There are 4 protein chains.
Amino acid sequence: MIIVLKPDVTEEQIQHVIERVESLGLRAHLSRGTYRTIIGVIGDETKLQAEPLAAIPGVAEVVPILPPYKLASREAHPLPTVVDVAGVKIGGGHVALIAGPCAVESYEQMETIAAAVRRAGASILRGGAFKPRTSPYSFQGLGEEGLRILRAVGDQFGMPVVTEVMDPRRVELVSQYADMLQIGARNMQNFTLLSEVGKTQKPILLKRGMSATVQDLLMSAEYILSEGTSQVVLCERGVKGFDPATRNLFDVAAVPLVHQLSHLPIIVDPSHATGRPDLIPACAMAGLAAGADGVHVEVHHQPEKALSDGAQALLPEQYAELAQQLKQLAQLLGKTISTLEPVQ
Amino acid sequence: MIIVLKPDVTEEQIQHVIERVESLGLRAHLSRGTYRTIIGVIGDETKLQAEPLAAIPGVAEVVPILPPYKLASREAHPLPTVVDVAGVKIGGGHVALIAGPCAVESYEQMETIAAAVRRAGASILRGGAFKPRTSPYSFQGLGEEGLRILRAVGDQFGMPVVTEVMDPRRVELVSQYADMLQIGARNMQNFTLLSEVGKTQKPILLKRGMSATVQDLLMSAEYILSEGTSQVVLCERGVKGFDPATRNLFDVAAVPLVHQLSHLPIIVDPSHATGRPDLIPACAMAGLAAGADGVHVEVHHQPEKALSDGAQALLPEQYAELAQQLKQLAQLLGKTISTLEPVQ
Amino acid sequence: MIIVLKPDVTEEQIQHVIERVESLGLRAHLSRGTYRTIIGVIGDETKLQAEPLAAIPGVAEVVPILPPYKLASREAHPLPTVVDVAGVKIGGGHVALIAGPCAVESYEQMETIAAAVRRAGASILRGGAFKPRTSPYSFQGLGEEGLRILRAVGDQFGMPVVTEVMDPRRVELVSQYADMLQIGARNMQNFTLLSEVGKTQKPILLKRGMSATVQDLLMSAEYILSEGTSQVVLCERGVKGFDPATRNLFDVAAVPLVHQLSHLPIIVDPSHATGRPDLIPACAMAGLAAGADGVHVEVHHQPEKALSDGAQALLPEQYAELAQQLKQLAQLLGKTISTLEPVQ
Amino acid sequence: MIIVLKPDVTEEQIQHVIERVESLGLRAHLSRGTYRTIIGVIGDETKLQAEPLAAIPGVAEVVPILPPYKLASREAHPLPTVVDVAGVKIGGGHVALIAGPCAVESYEQMETIAAAVRRAGASILRGGAFKPRTSPYSFQGLGEEGLRILRAVGDQFGMPVVTEVMDPRRVELVSQYADMLQIGARNMQNFTLLSEVGKTQKPILLKRGMSATVQDLLMSAEYILSEGTSQVVLCERGVKGFDPATRNLFDVAAVPLVHQLSHLPIIVDPSHATGRPDLIPACAMAGLAAGADGVHVEVHHQPEKALSDGAQALLPEQYAELAQQLKQLAQLLGKTISTLEPVQ
């Protein structure tokens, strides 16, 4: 950490800063420049990150040098983490295709869609039972009945299932049904929930918040990891942008950036990132080409009757075509698409 | 609601859209233009807002005409709502000054700060007992002990108190101590929590999320209002911006915009909006001049020792000076600053 | 165009709006809903786009249905435009690799870099002679001497050259040397300059501004096209984002979006989009996978001595590796990488 | 400037960085921390700002300490600059009200509006003769005829006039008619134009670009100042935001931020910032309360017939009411509203 002092800082103020640093067991290295004096802090700067050093009189700016996350950092864990979702691997060269409808609506709906995406090559089935809807008047999901359907259809097709949990009081319930728990974008900084899902030791799919930097995302992962698990998959699903032509702004550069900074796998969700079926395939390919460890796409056989987000779903036949292209691209990139045993 | 059809839409597709609209008890009004055909929907469009009409083949775009919120809309409630926090009024010409430290740290700290802000003219005391910290390694608040201190100091100075609740399992606990419950920006779309706090019928301070539009904010208010309360105060506290010079981007235009769209009061929080003590007074004045129904400022007597966000706190003497200017400005604007009985 | 009227609109106001519409030779189609009255405008709405209809009393909102660009729209020109830069094709299945240093610094520098990128597979050489630098104290380019060097080195290696023009007074000069003129992001809405370069009838590389929507970009292209040329290539090079980890936010979804809306080719520039050599290859691959008609990358053999933007340049060997991957990906996608005759 | 080295930097690389720094006549101060080694640069870091130090092998990050602008910085010029526009003062406690239509349309139009705003208290008349329109099909301004009208009406009412210049070839022409030259937001980084207007030594109104940080704005001012003038007024007019409810996002905190960093005056333009007449008065008040040195508002007596941006204009009577409030607020703040001699 570097502490930059104000041009008119007094000697007394400098001494005060140095004493403050040293009182935490760190060393302060003073460097007087022509225009500014700076203090380099030597030692474990994480001790200082919670300290309001910028509030000390005479301090102009505090520049951290180390990232504030530890467990999530690649520096501490150089090898990529491979997350295992009931046998399906994500990360370290393994690419998972995750697909399914936005919301679980009925057994028939799930069965139809699961059959289609399984055939196309998806290895994890998604479906929402508890839906975070912007409007209190929208369909809020089938709740536990939805979980039951999702589990049953997953079992029928031999597919692990992932579903969102929004309420810390329901983490246990959702864990009984799901192989992987999803934290939605709107809850990325719901720290209470993060700790709670971390305790389950289940694989977690952590979606990036719409105004979260990649560092914010890794800090939220850190909350989960600090509960003693390493099974976290990050997900880029678009950030808030200024162009109303797309629902969000797909930040594909977050994929290689996460791979630089962290050992955790990261997948992409072009469905939420764009909100437009006509852009989803191109963005799915872009995400994989950028190094994503998985691709998450919403699929519905009757989008116009979907109870949630139908307008952004791919049709099963569109998904099958996309999955085919993704498989070819993965091969070119030297990645392995995680596959399931053929259904008997 | 207006449904814009694609240039190559077929007659069959048009009929399908019309049937779909009419099946919901609404009327469809077809208008064939030179370049596009549109369908105006006549009747209560909220029935349609959850329908994925954009997914119907032949539909190019769906343009809503009515806002998706009802209880929060000014159209439905032309008169401004006045929220009453244990006797302190907010809205409808009443301006409340809310102040206190970011986090409750000790009885002595709260007592010192409460005495100062009370003297300066603040009428509601704030202080965090459960803190949503980006890092799991930062101070997370004193928990129930913090609530106890906040309540006791509030009582000592005759000030109503407001504090954040992050966990639906603790809404009841926090309600026992606080006069007003705060929903933080990171939880603005934690819909589970919104419903839970709505049920308490307590006044709620709902902070705008960093990537929330004003409509998103009003939709979150709608979740609370739909629990049967009207006691919601909105808070503009800065949205995500691209200039690293300030912590967030203070969207002061949200104040008159909320007043156009809604009957709910809105206050400003220049502390979080800017993150810089040197900009807080100017932005507090700007917020009030724009019509805000209150000003929320973080104050600490020893910023450099604060356990949370010290670097953005005003000193008590800076706050006193600001409060003085705010009072004069309120007078000029014909607003009443809510005041407390003198402490005996 | 749809004109939405206010809930309290009077009959007189409605009549006034209708008369206004009809006075422009258009027809107004009135539709009275339960909550709102709307007027659909029938005929060529571009006549209305410049009219301040929203300022008419009683009007709540004006919703355009047609895009405001014509020459750039795919509706008007369904087939993709293929731009020809001195024999190198861009668009319609032809992918061009454009590479070179940020700025022309010397003959030796250009020769070294051109030899390397030519060998790697680039078919167009870039290099700035007039540099738009944020600081007046930074290197501003070699001016005409730079143009001379660029042309000579381009000729030596049989490569067409592209360079930026910033000043309408120098369009003629730059046209004498360059095969393609670049409009930089900061000048995307310098409408004077757009008209001027359009008149040259040369191929234009139009970079997207940092806060421009895709529609804004197409409107700027429209300025050029309205001078009677069709030779415009668009370029996605990152928009303003909130994460300081990257220089800009690479909006890869703009590639398929432009392909939906327009017949013009679009290339990507991951160098400016990310500003980080460690992210450039992944983003270049992402752009191509999303359908880009070209990839523009800055290359320098001595980045640490570059006079402009050295920190974001790839080394020649890094570029060669990337170009190899891009060629394989183009093949997989069924695209043709534009190539030059072997240098004799 | 601080150079942070990578964790795996070699001694040789460290030596290379030090030599590079010293070769520029600066001193390097090495500080070896537990986790990172840093090099503090002692001397005038502006020598280094153009150097691509981040491209040197072993360098992780380069942290500038000094701002890159000099002439615009408050550090160099502690006292506020007062700009004099033909007798009307802006800055240093003097507040100017600037008003007029978006575009000059006719003598009668300008005369009507000038009479009204003059009466209301405005002291500078604005009106566009060359209009930067997003669409090539929109009204582009009356050109020199517009300048002539503006000048004549300004003279008739004894008001200095400000108008935009977009083309470096017309700077001389516009200077013959205008007392102050405006650089529009879209040309804020048109560096060619900035230098050209700087040479006129006329007062310049420099509007902030939609994606410009405050530092970017000050760097653009630096271009003008480096031509030997000090007569630059900055203008906050909204930056790109994500909420479609307003045209732009009014960044009111830029006002006190500019006052911290620079000696130059800054005014606000709530017309472009919000694009909504119903929000303009509140934002004008907010800007002044935040310390703005002037308020720029577009006024039109027949908004629905305006040839440009009519939908965001205030009516003369709305402006008169706003001006009255602004005068009272200025008085409260201890500022002087610049006034003109009564028209005889």
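As the structure is a prediction and not an experimental result, all values here were calculated from the model.

Novice: A description of the interface of chain A and chain B should follow, citing residues and the corresponding values.
Specialist: Listed as interface residues are 45 residues of chain A and, on the opposing side, 45 residues of chain B. In total, chain A and chain B occlude about 3800 Å² of area from one another, counting both sides; carbon and sulfur atoms represent 55% of this. When the area that chain A buries against chain B is broken down by residue, the three leading residues are Tyr137(A), Arg169(A) and Glu304(A), summing to 18%. In this structure, the connection of chain A to chain B is made through six salt bridges. For the salt bridge of Lys240(A) with Asp216(B), the shortest nitrogen-to-oxygen distance reads 4.0 Å. For the side of chain A that touches chain B, the secondary-structure elements that each account for two or more residues are α1 (11-22), α6 (191-200) and α7 (214-225) of chain A. Class assignment of the residues belonging to the side of chain A that touches chain B gives a composition of 20 nonpolar, 13 polar and twelve charged.

Novice: I'd like a description of the sheet that holds strand β4 (residues 59-63) of chain C, backed by residues and values.
Specialist: Residues and elements named next belong to chain C. Spatially, β2-β3-β1-β4 is the arrangement adopted by the four strands of the open sheet, whose pairing is antiparallel. The open sheet has two edge strands, β2 (27-32) and β4, and neither has a second partner. Shown here is a sheet whose adjacent strand axes are inclined to one another by a mean of 20 degrees, direction ignored. Bridge count between β2 and strand β3 (residues 37-42): six bridges; the pairing is antiparallel. Considered in β3, the bridge of Arg27 is made with Ile42.

Novice: Break down the relation of the copies chain A and chain B for me, with residues and values.
Specialist: Between the two copies, chain A and chain B, the superposition gives an RMSD of 0.0 Å; the rotation angle is 180 degrees and the shift along the axis is 0.0 Å. Seen this way, the second copy is the image of the first under a two-fold rotation axis. No C-alpha of chain A lies nearer the rotation axis than that of Ser211(A), which sits 2.8 Å from it.

Novice: Outline the packing of aromatic side chains, listing residues and values.
Specialist: Per the counting criterion, the structure on display carries four aromatic pairs over all chains. With a centroid separation of 4.6 Å and 25 degrees between ring planes, the pair formed by Phe191(A) and Tyr223(A) is classed as stacked. With Phe191(A) in helix α6 and Tyr223(A) in helix α7, the pair connects residues that are 32 residues apart, well separated along the chain. Accessibility expressed as a relative area gives 2% for Phe191(A), which makes it buried. The exposure class assigned to Tyr223(A) is buried, which follows from its relative accessible area of 4%. Geometry around Tyr137(A) places Lys70(B) over its ring, the cationic atom sitting 4.4 Å from the centre.

Novice: Just give me the short version of the relation of the copies chain C and chain D, but keep the residues and values in it.
Specialist: At an RMSD of 0.0 Å, chain C and chain D line up after a rotation of 180 degrees and a shift of 0.0 Å along the axis. When the interface residues of chain C are mapped onto chain D, 100% of them again fall at the interface, so both copies present the same face.

Novice: Explain the layout of surface pockets residue by residue, including any values.
Specialist: To find leftover empty space, a probe the size of one water molecule is rolled over the atoms. Counted as a void, the second largest pocket has a volume near 490 Å³. Forming the boundary of the second largest pocket are 19 residues, of which Pro281(B), Ala282(B), Met285(B), Gln325(B) and Ala289(D) lie nearest the centre. Secondary structure elements with two or more residues in the lining of the second largest pocket: α10 (280-289) and α11 (316-332) of chain B together with α8 (254-261) of chain D. Of the residues in the lining of the second largest pocket, the class split is ten nonpolar, six polar and three charged.

Novice: Break down unusual backbone geometry for me, citing the residues and quoting the values.
Specialist: Backbone geometry at Gln201(A) places phi at a positive 65 degrees, although glycine is not the residue there. One can find Gln201(A) in the loop between α6 and β11 (204-207). Unusually for a residue other than glycine, Ala86(C) sits at a positive phi of about 50 degrees. Following the sequence through the fold, Ala86(C) ends up in the loop between β5 (83-85) and β6 (88-90).

Novice: I'd like to hear about the interface of chain C and chain D, residue by residue, with values.
Specialist: Quoted interface sizes are often the accessible area lost when the parts come together. On the chain D side, the residues contacting the 45 residues of chain C number 45 residues. Note on chain C versus chain D: buried area summed over both sides is about 3800 Å², and carbon and sulfur give 55% of it. Taken as a group, Tyr137(C), Arg169(C) and Glu304(C) account for 18% of the area that chain C buries against chain D, more than any other trio of residues on that side. Linking chain C with chain D are six salt bridges, by the criterion used here. We note a salt bridge from Glu304(D) to Arg20(C), for which the minimum N-O separation is 3.0 Å. Linking chain C to chain D there are 18 residue pairs in polar contact (both at pLDDT 80 or more). For the side of chain C that touches chain D, the secondary structure elements donating two or more residues are α1 (11-22), α6 (191-199) and α7 (214-225) of chain C. Examining the composition of the side of chain C that touches chain D, we find that four residues originate from one element, α7(C), more than from any other.

Scoring rules and cut-offs
Throughout this document, residue positions are counted from 1 along each chain, in the order its sequence is written. As a convention, the first chain written is A and the first ligand written is 1, with the rest following in written order. Local features in this predicted model are restricted to residues of pLDDT 70 or higher, and side-chain atom pairs are both shown and tallied only at a pLDDT of 80 or more, whereas totals for entire chains, interfaces and linings draw on every residue. Excluding hydrogens and water, the side-chain figures rest on all heavy atoms present in the structure. Note on contacts: a residue pair qualifies if any of its non-hydrogen atoms lie within 4.5 Å across the two residues. Summed over both partners, the accessible surface that disappears when two parts come together, traced with a 1.4 Å probe, is what is meant by buried area. The working definition used for a salt bridge is a side-chain nitrogen of Lys or Arg within 4 Å of a carboxyl oxygen of Asp or Glu. Numbered from the N terminus, helices here are DSSP runs of H or I no shorter than four residues, and strands are runs of E no shorter than two. Following the grouping adopted for this structure description, the nonpolar residues are Ala, Val, Leu, Ile, Met, Phe, Trp, Tyr, Cys and Pro, the charged ones are Asp, Glu, Lys and Arg, and the polar ones are all others, Gly among them. Strand pairing requires that DSSP identify at least two bridges connecting the strands. Under this scheme, a helix contributes an axis fitted over its contacting stretch, all axes are lines through C-alpha atoms, and angles between N-to-C directions fall in the 0 to 180 degree range. Least squares is the method used to superpose the copies, on C-alpha atoms of residues holding a pLDDT of at least 70 in both. Within 6.5 Å between ring centres, the rings of Phe, Tyr and Trp (the latter by its six-membered ring) count as paired, and their orientation is classed by plane angle as stacked under 30 degrees, edge-to-face over 60, tilted in between. Working definition: with a 1.4 Å probe on protein chains only, accessible area under 20% of the residue-type maximum means buried, over 50% means exposed, and in between means partly exposed. For a Lys NZ or an Arg CZ to count as sitting over a ring, it must be within 6 Å of the ring centre and within 35 degrees of the ring normal. The method works on a 1 Å grid over the protein atoms by themselves. A cavity is a set of points holding a 1.4 Å probe that cannot get out, a pocket is an open set with protein on both sides within 12 Å along at least five of seven lines, and residues with an atom within 4 Å of a point line them. Grid points are joined across faces, edges and corners, and a volume is the space filled by probe spheres set on the points. Contacts described as polar in this section are N or O atom pairs within 3.5 Å, which, within protein, must combine one atom able to donate a hydrogen with one able to accept it, while residues neighboring in sequence count only if both atoms come from side chains.

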